[in-house]
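Breakdown of the fold
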Amino acid sequence: MTDGGRLPVGRILIGDCIEELRALPDRSVDLVFADPPYNLQLGGELLRPNNTRVDGVDDAWDRFGGFEAYDKFCRAWLAECRRVLKDTGTLWVIGSYHNIFRVGAIVQDLGFWILNDVVWRKANPMPNFRGKRFTNAHETLIWAARSEDSRRYTFNYDAMKALNDDQQMRSDWFLPLCTGAERLKAEDGSKAHPTQKPESLLARVLLAASRPGDVVLDPFFGTGTTGAVAKRLGRRWIGIERDSGYAAVARRRIAEVEAVDDPLALALANRREQPRVPFGRLIEEGLIRPGEVLFDSRRRWFAKVRADGHLISDDHKGSIHSVGAAVQGAPACNGWMFWHAERKGMPVAIDVFRQQLRAAGEAPAARVGA
């Protein structure tokens, strides 16, 4: 599958990530998720207290001649990722204390604009067997827009809030490591990949910062976690992987994924993209009456509705937002959620009336509980 014959969507490109990135068109990708080599600098074997060997990361792809070589590598692939990102696209890159600070500096040097650093708190981290350091219980993700001027990048705030029991999603994510049935195995029973990430982590990234149909690029594809989650969530994907063995595992894995083909199931709640409904429209439609008294949920503050859509309190006059802020002595207020009207003896947030108009295509609507 290709995008206009240009993008290798739904394919794993075998080769060096920098060379493969250079073949992709400018500003063609909506999201990049990168899980690069961490340059762990491991020396010697790591043993448990019972003298068994810890299966650490000692693969050739994680070895570099030093910090200078690693920085040069990161600068090259990050520069290409920035080139292929759309102006509305964002980059996610994950790392540990071994590399994330160096990566973060390069990200800023190249002109990306960091939006958040997200801490992945591991529910089941590997202990520190030597007892000489704290248990390494987290990794860090950098989330960055293409530039400081980026204003229209995708952030599905309402979807993240819904995912978090209707509480604003925080930047520390408590998720387990990839274990059990999710951990892919080689024919000899060993791990198919030493640093396989959990699908729950990728699902949260893609749900937060992409939309159905978007193109998601992973330049360090490994065994295809990004592709598997992207397919399931209705995103298009491109993978780059230099190890043909990992790529083969990824292809088999992704082929078994069942994509969600129901557009309603993939739809994302986003209040900011809903049609604008002025407060005055509620008055015009008879949902709120001139002279009616509005109040907060605890009935501490009151304001009367004017026919022109302004509110009047004892000391303040203005919009639903400005008067809501003024009576509380607050710098700002979401008047739609703050003010309530009484219907059948019960307080009803005025946002309910706004949503009625939106649901009706802003056609005339009946009064709630009138």
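Treat the numbers as computed from the prediction; the structure is a model and nothing was measured.

Another aspect to go through is the overall build of the protein chain. The helix and strand tally for the protein chain stands at twelve helices and 14 strands. Of all 370 residues assigned to the protein chain, the portion counted as buried reaches 45%. Residue pairs at least 24 apart in sequence account for 68% of intrachain contacts in the protein chain once pairs closer than 6 positions are excluded. Of the roughly 19,400 Å² of accessible surface on the protein chain, a fraction of 49% belongs to carbon and sulfur atoms.

Turning to its location among the elements, Asn156 is positioned in the loop between β5 (138–145) and α4 (157–163). Asn156 gets classed as buried once you look at its relative accessible area, which sits at 2%. A distance of 2.9 Å separates the side chain of Asn156 from the backbone oxygen of Ser210, its partner in a polar contact.

Here we come to the packing of helix α2 (residues 67–84) against helix α3 (residues 100–109). Remark: α2 packs on α3, axes separated minimally by 10 Å, with the N-to-C direction vectors making an angle of 45 degrees. The orientation of α2 relative to α3 falls into the category oblique. As for how α2 packs across α3, the hand of that crossing is right-handed. Of the residues in α3, those touching α2 at Phe67, Tyr70, Asp71, Cys74, Arg75 and Leu78 are Arg102, Val103, Ile106, Val107 and Asp109. Partitioning the contact of α2 with α3 into residue classes produces seven nonpolar, no polar and four charged.

Within the fold, Leu78 resides in helix α2. Along the backbone, Leu78 and Val103 are 25 residues apart, and their C-alpha atoms lie at a distance of 8.9 Å. With near-sequence residues (within four places) excluded, Leu78 lies in contact with Leu91, Val103, Ile106, Val107, Leu110 and Phe112.

What follows is about the packing of aromatic side chains. Evaluation of the coordinates by the stated rule reveals twelve aromatic pairs. Seen from their ring centres, Trp77 and Phe220 are 5.0 Å apart, and the 85 degrees between their planes marks the pair as edge-to-face. With Trp77 in helix α2 and Phe220 in the loop between β7 (215–218) and α6 (225–232), this pair connects stretches of sequence that are 143 residues apart. Neither residue differs from the other here; Trp77 and Phe220 are each classed as buried. Summarising the aromatic geometry, the rings of Phe295 and Phe302 are spaced 6.4 Å apart at their centres and angled 50 degrees between planes, so their arrangement reads as tilted. Here a set of aromatic residues connected by ring pairs shows up, and it is made of Trp92, Trp143, Tyr153, Phe155, Tyr157 and Trp173. Lying across the ring of Trp120, Lys122 places its NZ or CZ 5.2 Å from the centre. Above the plane of the ring of Trp173 lies Arg204, whose end atom (NZ or CZ) is 5.2 Å from the centre.

On to the state of the cysteines. One covalent bond between the sulfur atoms of two cysteine residues makes up a disulfide. What the rule picks out here adds up to zero disulfides. Cysteine Cys81 is unpaired, with the sulfur of Cys17 as its nearest cysteine sulfur at 7.5 Å. You can call Cys81 buried: its relative accessible area is 0%.

Bringing the environment of Ser244 into the picture now. For Ser244, the location among the structural elements is in helix α7 (residues 244–255). Classification of Ser244 as exposed rests on a relative accessible area of 51%. Sequence separation between Ser244 and Ile12 is 232 residues, and the spatial gap between their C-alpha atoms is 9.6 Å.

Definitions and limits used
Residues numbered from 1 in each chain as written. Predicted model: local features only at pLDDT ≥ 70, side-chain atom pairs only at ≥ 80, totals over all residues. Heavy atoms only, no water. Helix = DSSP H or I, 4+ residues; strand = E, 2+ residues; numbered from the N terminus. Buried < 20%, exposed > 50% of the residue type's maximum accessible area, 1.4 Å probe, protein only. Contact = heavy atoms within 4.5 Å. Areas by Shrake-Rupley, 256 points an atom, 1.4 Å probe, with all protein chains shown as cover. Polar contact = N/O pair within 3.5 Å; in protein donor to acceptor, adjacent residues only side chain to side chain. Axes fitted to C-alpha atoms, helices over the stretch in contact; angles between N-to-C directions. Parallel < 35°, antiparallel > 145°, perpendicular 65-115°, else oblique. Left-handed = near helix turned anticlockwise from the far one by under 90°. Nonpolar A, V, L, I, M, F, W, Y, C, P; charged D, E, K, R; others polar. Phe/Tyr/Trp six-rings, centres within 6.5 Å; stacked < 30°, edge-to-face > 60°. Lys NZ or Arg CZ within 6 Å of the ring centre and 35° of its normal. Disulfide = S-S within 2.5 Å.

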